[in-house]
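One letter stands for each residue in the lines below.
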Amino acid sequence: MTKHEGVNNRIAVYPGSFDPVTYGHLDIIQRASKQFDTLIVAVLNNTSKNPMFTIEERKALLEEVTRDIPNVKVDSFRDLLVRFMKSRQAGTIVRGIRSVSDFEYELQMASTNHLLDDDIETVFMMTNPKYSYLSSSIVKEIARFNGDVSELVPPYVRERLLEKGNGK
């Protein structure tokens, strides 16, 4: 267990694939940005998934939809989350919880991250109930069949889905 030198508990990281960013993600980003001096939204390059958007595209989507939140920064990582956190001097992981099954998985991840670095804390935020069913996978599925995703993603994201030939 390594101790962080210079960890700042006022810097938090909200990691995820964000493929694409949804209103559920944006809800967590907006709420978490009020709790921390800096919120780094970190796009994970998950090699086990086949993303619709590249890392650069996902970062651009996030930068656009968070441009009015001054303390939000968008970044990406390919390494262990705790190493990324150390490189950014961040002390807190923010995770959104939609359901009991989410909690079980997130508790396992939080425990593992704490084992890897006991200076890292995880904060769970319950999602707004109106987004409890929402996931990027659902958005992509609806978009693939030219369904209307306007209630699920910000307009800018919807436009990018249209450009890729997915969604109304």
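This text gives an overview of the structure that appears in the document. (Residues numbered from 1 in each chain as written. Predicted model: local features only at pLDDT ≥ 70, side-chain atom pairs only at ≥ 80, totals over all residues. Heavy atoms only, no water.)

1. Focus on the layout of surface pockets
Stage number 1. Its volume calculated, the largest pocket comes out at about 1200 Å³.
Stage number 2. If you trace the largest pocket, you find 43 residues lining it, with P15, G16, S17, K49 and R95 closest to the centre.
Stage number 3. Of all elements in the fold, only β1 (8-16), α1 (23-33), β4 (90-97), α4 (100-116) and α5 (136-144) reach the threshold of two or more residues within the lining of the largest pocket.
Stage number 4. Considering each element in turn, the lining of the largest pocket owes the most residues, eight residues, to α4.
Stage number 5. Of the residues that constitute the lining of the largest pocket, the class distribution is 17 nonpolar, 17 polar and nine charged. (1 Å grid on protein atoms, 1.4 Å probe; cavity = no way out; pocket = protein on both sides within 12 Å on 5 of 7 lines; lining within 4 Å. Points joined across faces, edges and corners; volume = space filled by probe spheres on them. Helix = DSSP H or I, 4+ residues; strand = E, 2+ residues; numbered from the N terminus. Nonpolar A, V, L, I, M, F, W, Y, C, P; charged D, E, K, R; others polar.)

2. What to know about the side chain of D27
Stage number 1. Assignment of secondary structure puts D27 in helix α1.
Stage number 2. Side-chain polar atoms of D27 contact the backbone nitrogen of N128, separated by 3.4 Å.
Stage number 3. With residues up to four places along the chain from it excluded, the contact list for D27 reads T127, N128 and Y131. (Polar contact = N/O pair within 3.5 Å; in protein donor to acceptor, adjacent residues only side chain to side chain. Contact = heavy atoms within 4.5 Å.)

3. Describing α4
Stage number 1. Between its first and last C-alpha, α4 extends 24 Å over 17 residues, near the 24 Å set by a 1.5 Å rise per residue.
Stage number 2. Next to the buried residues of α4 lie α3 (81-87), β4 and β5 (121-126). (Expected span 1.5 Å × (residues − 1).)

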